[in-house]
Every structure is written in C-alpha cells, then in structure tokens.
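Tertiary structure, described
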Amino acid sequence: MTVGVLALQGNFADHCRVLRNIGCTCEEVRSLRELALVDRLIIPGGESTVIGRLLFESGLSQEIISRHREGSLPVFGTCAGAIVLATEVMGAPAPSLRLMDMSIERNAYGRQLQSFQTNLAICGHATPIPVSFIRAPKIVRTGPSVDVLATHGGHPVLVRQGDVLAATFHPEVHEEAVLHRLFMEM
Ligand code: GLN
C-alpha cells in the first residue's frame, strides 16, 4: 500500500514525515505517472487557488475524479486540501474537485494572526488530539451523506463521505498520527 501526497504546493513534506513515522510507504505526487503508482492520496494544506489551478492544469484533477468514481482512490484533504474537495467554495473562489458534498468558506477565521492550536475530540478516539488551524476555512453546510467526525465552535471540522476525508485544520504539524491512521484504515 503506497500513500501519495500531492506535492504541487503547500505542506506536503510534513504529511510524508508523519506517514513514514508510522511505517507507511509514501510518495510525493506531481504527475499522472506518479499518481498511477499510489493507492490513496493526501491533498495538503497550502493555498487552495494554487493547488486547485495546478491540479487542473496538470490533468491530475480528471484522473483523481475518475479513480474516485471507480472507488480506487481514497482521498484525505487538509485545510486547503479540504477546500479543493468541496462541492461549493465560498468567500474567494478556488477550483475544486467537488468530491465532498459540503460548502466551505475560505479564510473564515480571519487572517494569519487568528490562526490557533487546540486539542480536538475526534469521534471514536478516546483522547483529544492537538491540531492547528492556519488561515483555516469553515464548513458551513454538509450534505446528507457526510458524517461529521469532529466539531469546533459548532462547525464541522473533520468530515467523511465514503472514502473521502476532509479536515479544515493541519493534523500533520504535530507528532500525532491518529488521523493518518484513520485514513489508512478507510
Ligand atoms: N487560506 C488558505 C486557502 O484559502 C488555506 C490555508 C491552509 O491551507 N493552511 O487556500
């Protein structure tokens, strides 16, 4: 089982570090050839406009969407990665793969100064885990087939729809690997 981490822009290196720490085989993905070698894909945080644009320019978007339809590519998006998974992006537009039935508002907590760390209770996990919200988006609507696995301030922050997982925060900047393990089990 090889986990791909989309490495077009953003914080892909920390995802690779966490995955390797828990013994996963991990490959950076920048091309269709590299995407063909992986069994699941993490889309990291960064700048959703840049990640979204490069996904569509490279042709990776079409391949991710078709493998998603076949059921052969579980996907985990974090922060900007969650934005590019949403069916509706609010605030400033960003290109999206539309794999998760949710509306998400970019930069909804304010600017960099309003970024924060917190301990988050995750459904099915006994102890809260440390996470960082960095110029994070807010999920403002979820569709009927979306499961909410964690909330913060009354908003969903970790959601799952089938084999797609999305977090509005960065789990990968901490040593905790709970969500990476959860994704590996999906
Ligand atoms: N603010 C960024 C965006 O809207 C997301 C920030 C992040 O991924 N940490 O794309």
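Residues numbered from 1 in each chain as written. Predicted model: local features only at pLDDT ≥ 70, side-chain atom pairs only at ≥ 80, totals over all residues. Heavy atoms only, no water.

1. Remarks on the site of the ligand
Basically, it comes down to this: Proximity criterion: a residue is near a molecule or strand once any of its heavy atoms comes within 4 Å of it. In protein, a polar contact means a hydrogen-donor-capable atom and an acceptor-capable atom, both N or O and within 3.5 Å, with residues adjacent in sequence counting only if both atoms are side-chain atoms; elsewhere, any N or O pair within 3.5 Å suffices. To measure how exposed things are, a 1.4 Å probe is used in the Shrake-Rupley method; for residues, cover is taken only from the protein chains shown. Classification convention: Asp, Glu, Lys, Arg as charged; Ala, Val, Leu, Ile, Met, Phe, Trp, Tyr, Cys, Pro as nonpolar; all other residues, Gly among them, as polar.
Every residue lining the ligand is accounted for by Gly-45, Gly-46, Glu-47, Ser-48, Cys-79, Ala-80, Ile-83, Arg-106, Asn-107, Ile-134, Arg-135 and His-170. In this structure, Ser-48 approaches the ligand through a side-chain N or O atom, which is 2.6 Å from an oxygen atom. His-170 places a side-chain nitrogen or oxygen 2.8 Å from a nitrogen atom of the ligand. Out of a free accessible area of 300 Å², the ligand has 98% covered by protein chains. A class-by-class count of the residues in the shell around the ligand yields 4 nonpolar, 5 polar and 3 charged.

2. Section: the environment of Phe-169
As a reminder, the rule being used: A helix here means a DSSP run of H or I that spans at least four residues, while a strand means a run of E at least two residues long, and both kinds are numbered starting from the N terminus. Contacts were defined at the residue level, with two residues in contact if any of their heavy atoms lie within 4.5 Å.
Tracing the sequence through the fold places Phe-169 in the loop between strand S12 (164–167) and helix H6 (178–185). Spatially, the C-alpha atoms of Phe-169 and Thr-78 are 6.1 Å apart, while their sequence positions differ by 91 residues. Excluding residues within four positions of it along the chain, Phe-169 makes contact with Thr-78, Cys-79, Leu-120, Val-131, Ser-132, Phe-133, Val-157, Leu-158 and Leu-179.

3. Overview of unusual backbone geometry
Keep this limit in mind: Accessibility here uses a 1.4 Å probe with only protein chains present; expressed as a share of the type maximum, an area under 20% marks a residue as buried, one over 50% as exposed, and anything in between as partly exposed.
A positive phi angle, close to 55°, is found at Cys-79, a residue other than glycine. With respect to the element layout, Cys-79 can be found in the loop between strand S4 (75–78) and helix H5 (80–83). If you check the backbone angles, Arg-135 has positive phi at about 40° while not being a glycine. Examined against the element boundaries, Arg-135 turns out to sit in the loop between strand S8 (129–133) and strand S9 (138–142). Overall, Arg-135 belongs to the partly exposed group, its relative accessible area being 31%.

4. What about the pattern of salt bridges?
For side chains bearing opposite charge, pairing can occur when the charged atoms are close. Selection rule: A side-chain nitrogen of Lys or Arg and a carboxyl oxygen of Asp or Glu constitute a salt bridge if their distance falls within 4 Å.
Scanning the model with the defined rule gives 7 salt bridges in all. A salt bridge links Arg-17 to Glu-175; the shortest N-O distance between them is 3.2 Å. Of the two residues, Arg-17 is situated in helix H1 (residues 12–21) and Glu-175 in the loop between S12 and H6; the sequence distance between them amounts to 158 residues. For Glu-175, a relative accessible area of 59% translates into the label exposed. Close ionic contact of Arg-30 with Glu-28 constitutes a salt bridge, the shortest N to O distance being 2.8 Å. Residue Arg-30 is classed as partly exposed on the basis of its relative accessible area of 40%. Exposure remark for Glu-28: the relative accessible area of 28% places this residue in the partly exposed category. What emerges from the salt-bridge pattern is a single network uniting Asp-14, Arg-17 and Glu-175.

Read these as spatial facts, not as claims about activity.
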